Amino acid sequence: MKVAQVGSLGGDRSNGVHQVVRALVQGLPEAGVDVEVWHLTRSVRRVTWAAEEGVSVWRIPVLAAGGGLGGHLQMPTPEGIAWLRRRALQTDVAHLHSVFQPDHLWTSHLEVPFILTPDGGYHPLVLAGAAAVRKRLWLIMHDRRMLARAAVVQALSAAEAECIRGLQPLARTVVLEAPLSHELATRQPYTAAGPLVFLGRLDIEHKGLDLLVEALACVDARQLARGVLLV
């Protein structure tokens, strides 16, 4: 099976979506899956290929105006569109990460089944934020139809699945947690020394930091001293 991860490995280790893509491209080959990354970007003018961390990464050029609004209006160049159409014929599944992405609109209309992982992007708090009007308009114009067309919509929790079905009852949701990095997934038990660090937004409903704090309060101090953490 050949799977295209539509997104970026990224250089920002604190970006959760980039880390999910990284974990998938590292772990899927062990399951016999041929995986590559499609990165639609303004940084190239021609379709380019590179091997990054042993993974095939294709960079597809896009046309876009400058600024944040330009990012929402971007589209692949004619060469990029032609390349995507040809490559889709050699691909079994495309996996789209995050939401409100113009890249997804193009790849979701290719002749290839696609999986959509919103990564919490449809949470009510997200849709009520500073960009609420813009995001709700995008939902009406694009994402509700895309949710209905997706072969699978991956929810990271039962609560997220319920939220997605509230936006699009026809969405074929599956609850499946995001993968850990290959390194963390194979490290049992966790024995790293040093303090516990939480990296992320202080968003109780979204990140569950309150649950982590309560869980740590229940852990025997002797376990913490030995560096054993059960999550």
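The structure under discussion appears in the preceding block.
Everything numeric in this text was worked out from a predicted model, so none of it was measured.

Chemist: Even after reading the chapter, I still don't get the overall build of the protein chain, so can you show me in this structure?
Modeler: Across its full length, the protein chain holds 11 helices and 9 strands. Within the protein chain, the proportion of its 231 residues that are buried is 40%. Expressed as a percentage of contacts within the protein chain between residues at least 6 apart in sequence, the contacts between residues at least 24 apart total 50%. For the protein chain, the accessible surface area stands at approximately 13,200 Å², while carbon and sulfur atoms represent 60% of it.

Chemist: In this structure, what is going on with the pairing of strand β2 (residues 34–41)? I would like to understand it.
Modeler: Along any regular strand the residues' side chains alternate between the sheet's two faces. Of all 8 residues making up β2, 7 are buried, and the element is well covered by its neighbours. With 5 bridges connecting them, strand β1 (residues 2–6) and β2 associate as parallel partners. Each residue of the ladder has a partner; that of Ala4, found in β2, is Glu36.

Chemist: I keep staring at the pattern of salt bridges and nothing clicks. Help me out?
Modeler: In a structure, side chains of opposite charge can pair up when their charged atoms sit close to one another. If you walk through the whole model with that rule in mind, you get 5 salt bridges. Ionic pairing is found between Asp34 and Lys2, a salt bridge with its closest N-O pair at 3.3 Å. Within this pair, whereas Asp34 is found in strand β2, its partner Lys2 is found in strand β1, the two being separated by 32 residues in sequence. Across the salt bridge formed by Glu52 and Arg59, the nearest N and O atoms sit 2.7 Å from each other. Salt bridges here are not isolated pairs; linked through shared partners, they connect Lys2, Asp34, Glu36 and Arg87.

Chemist: Looking at this model, I keep getting lost on helix α7 (residues 158–167). Mind explaining?
Modeler: Given 3.6 residues per helical turn, the α-helix brings residues three or four places apart onto the same face. Among all positions of α7, only Glu160, Ala161, Ile164 and Leu167 are buried. The buried residues of α7 occupy an angular sector of 120° when projected down its axis, which confines them to one face. When the buried face of α7 is taken as reference, the exposed residues oriented beyond 90 degrees from it are Ala158, Ala159, Glu162 and Gly166. Residues of α7 that are buried sit in contact with α5 (124–127), α6 (132–149), β8 (152–155) and β9 (173–175).

Chemist: Can you help me understand the packing of aromatic side chains in this one?
Modeler: Aromatic rings considered in pairs are described by the distance between their centres and by the relative angle of their planes. Enumeration over the complete set of coordinates arrives at 3 aromatic pairs. Between Trp38 and Trp83 the ring centres are 5.8 Å apart and the planes differ by 80°, which places this aromatic pair in the edge-to-face class. Taken as a pair, Trp38 in strand β2 and Trp83 in helix α3 (residues 78–88) lie far apart in primary sequence, 45 residues in all. An identical accessibility class is assigned to Trp38 and Trp83; each is buried. Between Phe100 and Tyr122 the ring centres are 5.7 Å apart and the planes differ by 85°, which places this aromatic pair in the edge-to-face class. On the criterion of sequence distance, the pair formed by Phe100 in the loop between β6 (93–97) and α4 (102–107) and Tyr122 in the loop between β7 (114–117) and α5 is long-range, its members being 22 residues apart. Accessibility classification places Phe100 together with Tyr122 in one group, the buried group. Cluster of aromatic residues (ring-pair linked, three or more members): Trp38, Trp58 and Trp83.

Chemist: Looking at this model, I keep getting lost on the nonpolar core. Mind explaining?
Modeler: A general trend in soluble globular proteins is that nonpolar side chains are found buried together. In this structure, Trp38 and Tyr122 are the most contacted members of the largest nonpolar core, which totals 33 residues. In terms of residue count, α6 provides more of this core than any other element does, 4 residues in total.

Chemist: It is not clear to me how unusual backbone geometry should be interpreted in this structure. Could you clarify?
Modeler: Leaving glycine aside, a negative phi is the common case for residues, and trans is the common case for peptide bonds. Its identity as a non-glycine residue notwithstanding, Ser98 has a phi of 75°, on the positive side. What makes Ser98 buried here is its relative accessible area of 18%.

Chemist: When you look at helix α1 (residues 16–27) in this model, what are you seeing that I'm missing?
Modeler: Taking 1.5 Å per residue, 12 residues should reach 16 Å; α1 reaches 16 Å between its end C-alpha atoms and fits that length. If you check which residues of α1 are buried, you get His18, Val20, Val21, Arg22, Ala23, Leu24 and Val25. Check the buried side of α1 and you find it contacts β1, β2, β4 (55–63) and β6.

Chemist: Help me out: how do you make sense of a nonpolar patch on the surface in this one?
Modeler: Together, Leu63, Met75 and Trp106 give the surface a local cluster of nonpolar side chains, amounting to about 260 Å² of exposed area. Inspection of the secondary structure puts Leu63 in strand β4.

Chemist: Hey, could you run me through the side chain of Gln154 in this one?
Modeler: The residue Gln154 is located in strand β8 in this model. Side-chain polar atoms of Gln154 contact the side chain of Thr117, separated by 2.6 Å.

About the cut-offs
- Residues numbered from 1 in each chain as written.
- Predicted model: local features only at pLDDT ≥ 70, side-chain atom pairs only at ≥ 80, totals over all residues.
- Heavy atoms only, no water.
- Helix = DSSP H or I, 4+ residues; strand = E, 2+ residues; numbered from the N terminus.
- Buried < 20%, exposed > 50% of the residue type's maximum accessible area, 1.4 Å probe, protein only.
- Contact = heavy atoms within 4.5 Å.
- Areas by Shrake-Rupley, 256 points an atom, 1.4 Å probe, with all protein chains shown as cover.
- Pairing = 2+ DSSP bridges.
- Salt bridge = Lys/Arg side-chain N within 4 Å of Asp/Glu carboxyl O.
- Arc of directions from axis to C-beta.
- Phe/Tyr/Trp six-rings, centres within 6.5 Å; stacked < 30°, edge-to-face > 60°.
- Core = buried A, V, L, I, M, F, W, Y, C linked by side-chain atoms within 4.5 Å.
- Expected span 1.5 Å × (residues − 1).
- Patch = residues over 30% accessible without salt bridge, like charges linked within 9 Å, V, L, I, M, F, W, Y side chains within 5 Å.
- Polar contact = N/O pair within 3.5 Å; in protein donor to acceptor, adjacent residues only side chain to side chain.

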